[in-house]
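A closer look at the structure
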Amino acid sequence: MAATVLIVEDQMLIAWHLSDLVEGAGHRVLAIARDPAEAMEAASRHRLDFALMDIRLHGGTSGLEAARMLFECWGVRSIYISANLDPATRAQAEQLQALGFVGKPFLPAELIAAIERAVKAL
Amino acid sequence: MPDAPETILNVNDNEAGRYATTRILHRAGFKVIEAGTGGEALQIAREDLPPLVIIDIGLPDMSGIEVCRRLKADPVTASTMVLQMSATNIAVIDRVNSLSAGADSFLVEPVEPEELEAVSRALLRLHRSESALRRSLAERELLLKEVNHRVKNSLQLVLSMLSLQGHRFKEPETRELFTKAISRVTAIAAIHERLYQDADPLTVEMHTYLTGLCAELVRASGMEENAQASLQIEVEEMRLPTEHGVAVALVVNELVMNALKHAQPASGPAIISVRLMRHGTGQVRLTVADNGATPEQSSSEVTGLGTQLIRMLARQLNGTVGIDRADGTYAVHVTFPLQSPVSWRPPY
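All values reported here derive from a predicted model rather than from experimental measurement. Starting from 1, residues in each chain are numbered consecutively following that chain's sequence as written. Numbering of ligands from 1 and lettering of chains from A proceed in the order in which they are written. It should be noted that, the model being predicted, local features are given only for residues of pLDDT at least 70 and side-chain atom pairs only at 80 or more, the latter also being counted only at that level, while totals for whole chains, interfaces and linings use all residues.

Residues and elements named next belong to chain B. On the basis of which strands lie adjacent, the open sheet formed by 5 strands has the order E7-E9-E10-E12-E11 and mixed pairing. Looking at which strands have only one partner, the edges of the open sheet turn out to be strand E7 (229-235) and strand E11 (320-326). The average angle at which neighbouring strand axes cross in this sheet is 15°, direction not considered. For two strands to be treated as a pair, DSSP must find at least two bridges joining them. Helix numbering and strand numbering both begin at the N terminus, where a helix is a DSSP run of H or I of at least 4 residues and a strand a DSSP run of E of at least 2. Pairing of E7 with strand E9 (residues 270-279), which is carried by 7 bridges, proceeds in the parallel orientation. When the sheet's bridge partners are listed, Gln-232 is paired in E9 with Ser-273. The strands touched by helix H8 (residues 242-262) are E7, E9, strand E10 (283-290) and strand E12 (329-337); relative to E10, the strand with the most contacts, the crossing angle is about 15°. The angle between two axes is taken between their N-to-C directions and runs from 0 to 180 degrees, where each axis is a line fitted to C-alpha atoms and a helix contributes only its stretch in contact. Contact criterion: two residues are in contact if their C-beta atoms, reconstructed from the backbone, are within 7 Å.

An automatic or database domain assignment supplies the residue ranges for each domain. For chain B, the assigned domains are domain 1 (7-135) and domain 2 (172-337). Taking only C-alpha atoms, the centre of domain 1 of chain B and the centre of domain 2 of chain B are 63 Å apart.

Residues and elements named next belong to chain B. Exposure classification rests on a simple neighbour count of other C-beta atoms within 10 Å of a residue's own: a residue reaching 20 or more is buried, one at 12 or fewer is exposed, and one in between is partly exposed. C-beta atoms are placed from the backbone. Counting buried residues in strand E4 (residues 81-86) gives 6 out of 6 residues, a clear majority hidden from the surface. Of the two faces of E4, the one lined by Met-81, Leu-83 and Met-85 and the one lined by Val-82, Gln-84 and Ser-86 are each fully buried. Note: strand E3 (residues 52-56) against E4, 5 bridges, orientation parallel. Looking across to E4, one finds that Asp-56 is bridged to Met-85. Note that the unit made of E3, helix H3 (residues 64-73) and E4 has a crossover that is right-handed. Judged from the 4 bridges that link them, E4 and strand E5 (residues 105-108) form a sheet pairing that is parallel. Bridge assignment links Ser-86 to a residue of E5, and that residue is Val-108. Look down the strands so they point away from you; if going from the first strand over the helix to the second traces a clockwise path, that crossover is right-handed.

The next subject is helix H5 (residues 108-121) of chain A. Structurally, the α-helix is built with 3.6 residues per turn, so residues lying three or four positions apart point the same way. Expected span, for any helix, means 1.5 Å times one less than how many residues it has. Here H5(A) contains 14 residues, and its C-alpha end-to-end distance of 20 Å stays within 8% of the 20 Å for a straight helix at 1.5 Å per residue. Every buried residue belonging to H5(A) is among A:Pro108, A:Ala109, A:Leu111, A:Ile112, A:Ile115 and A:Ala118, and all of these are buried. Here the buried face of H5(A) lies against helix H1 (12-24), strand E3 (50-54), strand E4 (77-82) and strand E5 (100-103) of chain A together with helix H7 (206-221) of chain B.

By the secondary structure assignment, A:Pro105 is in the loop between E5 and H5. You can call A:Pro105 buried: it has 25 C-beta atoms within 10 Å. Sequence separation between A:Pro105 and A:Trp74 is 31 residues, and the spatial gap between their C-alpha atoms is 29 Å. In this view, A:Pro105 contacts B:Lys152, B:Leu155, B:Gln156, B:Leu159, B:Ala189, B:Ala190, B:His192 and B:Glu193; residues no more than four positions away in its chain are not counted.

We now examine the interface of chain A and chain B. Accessible area lost upon the coming together of the parts is a frequently used measure of interface size. Counting from both sides, the interface comprises 18 residues of chain A and, opposite them, 23 residues of chain B. Sorting the residues of the side of chain A that touches chain B by element identifies H1 and H5 of chain A as the ones contributing at least two each. With 5 residues, the single largest contributor to the side of chain A that touches chain B is H1(A). Ten residues, namely Ala, Val, Leu, Ile, Met, Phe, Trp, Tyr, Cys and Pro, are considered nonpolar, four, namely Asp, Glu, Lys and Arg, are considered charged, and the remaining ones, Gly among them, are considered polar. A per-class count over the side of chain A that touches chain B returns 10 nonpolar, 4 polar and 4 charged.

The next point concerns the packing of helix H2 (residues 36-45) of chain A against helix H3 (residues 63-74) of chain A. Residues and elements named next belong to chain A. The contact between H2 and H3 brings their axes to 9 Å, and the two run at 25°. Overall, the two elements H2 and H3 adopt an arrangement that is roughly parallel. As for the relative orientation of H2 and H3, their crossing is right-handed in sense. Contacts between H2 and H3 pair Pro-36, Ala-39, Met-40 and Ala-43 from the former with Glu-65, Ala-66, Met-69, Leu-70 and Trp-74 from the latter. Classifying every residue of the contact of H2 with H3 gives 8 nonpolar, no polar and 1 charged. Relative orientations are named as follows: roughly parallel for angles under 35 degrees, roughly antiparallel for angles over 145 degrees, roughly perpendicular for angles from 65 to 115 degrees, and oblique for any other angle. A clockwise turn of the near helix away from the far one marks a right-handed crossing, whereas an anticlockwise turn of less than a right angle marks a left-handed crossing.

Here is the structure:
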């Protein structure tokens with residue numbers, strides 16, 4: 001099944017790389033958002049299966065906050081991709097029914113495996 | 001001296017005794033809060049966080065020693081200084097017990113006002129320098145976390161940049177060169193994702209590290225696992241010092257990359273095995289083998305830069321390289337001494 005994906009990442013090069021990998025795995029990237037506001041805007045325009053969520057976003061905003069709004073308003077869950085997945089961050093993400101965690105720097109194979117697990121869990 | 005008067009919690013069920021102590025402390029310029037029981041004292045200590053608590057040893061609900069023990073055991077109040085006081089001339093063993101329970105000092109009454117004031121000031125001074133140290137340590141930890149975050153993020157940017165560039169080449173040779181470069185950088189970068197969340201950041205657990213890298217090599221090669229190529233990974237439970245871990249990973253990277261490209265058995269999928277096991281006393285042996293060799297030729301032999309890299313990395317490991325050819329199998333092994341890693345433990 002081809003899933004529809006939102007990428008929430010403030011570093012455009014990494015977002016672009018993620019987008020290449022998601023599409024290479026046969027899924028569709030509908031938007032790239034840099035902060036919670038852009039993520040919500042994208043969610044209002046597209047029907048999303050899930051989001052790839054960075055934890056630290058543009059202008060000091062939080063990916064956990066973006067994930068919470070996506071989850072509460074639209075029921076969209078996230079795979080978290082961050083250079084700092086400490087236990088506190090994981091615990092907060094778990095409350096939003098996290099679909100998975102991938103540490104940075106990520107191995108593309110691990111990212112794709114996490115996406116495939118998420119697609120099955122949806 | 002700080003501007004605001006420092007607060008001392010004075011715990012004593014005997015009103016006259018409590019009053020006398022409070023009076024001395026007031027005169028010395030301290031702010032004093034009072035408690036008559038151990039329970040009350042614990043509650044106030046938790047809420048108001050006074051830097052110093054003076055506790056009479058005999059309280060109605062629990063002993064002063066027990067109050068002290070609970071204060072020191074509770075993370076919220078553990079840094080509170082405790083001065084244990086006794087109105088009676090108690091046995092030495094009780095004074096020892098008090099200090100063992102975590103009391104920072106002990107006074108026997110009757111006590112001279114000057115002595116009570118001087119001991120209180122000494123304990124408050126100690127509390128201030130301990131707090132300053134704790135703050136500075138917390139700042140350092142935050143800074144370290146921030147630096148780690150940036151290192152990992154920068155490595156991610158390097159990998160993303162290389163991948164974006166690599167996808168845009170059409171010529172197979174250029175593409176392959178880029179894929180190799182990315183794979184080598186990935187092996188080095190991937191260790192950082194596994195280091196800092198671990199209890200021991202100076203060593204790396206080899207099993208998850210190598211398993212992840214091998215899965216990525218199969219993906220990047222475009223071969224589907226179980227169909228064209230089957231990878232068998234057997235890594236004994238071991239942690240290696242980071243620099244050895246990276247060297248081993250880079251050797252695995254060269255050999256597996258090469259085997260995925262060249263191993264073409266007469267029938268069935270290519271079977272590539274990666275083993276990292278203890279070997280003899282104090283040695284470790286890495287073996288990468290494939291079923292691609294024929295008696296006449298070893299098509300999966302590594303050539304060029306790969307060979308040089310393996311030789312240099314083996315030297316860095318103080319190890320030796322060996323090659324076995326038997327029954328259609330081509331195996332390269334690197335044997336090196338297992339250096340007992342310098343373990344790192346949090347200093348608290």
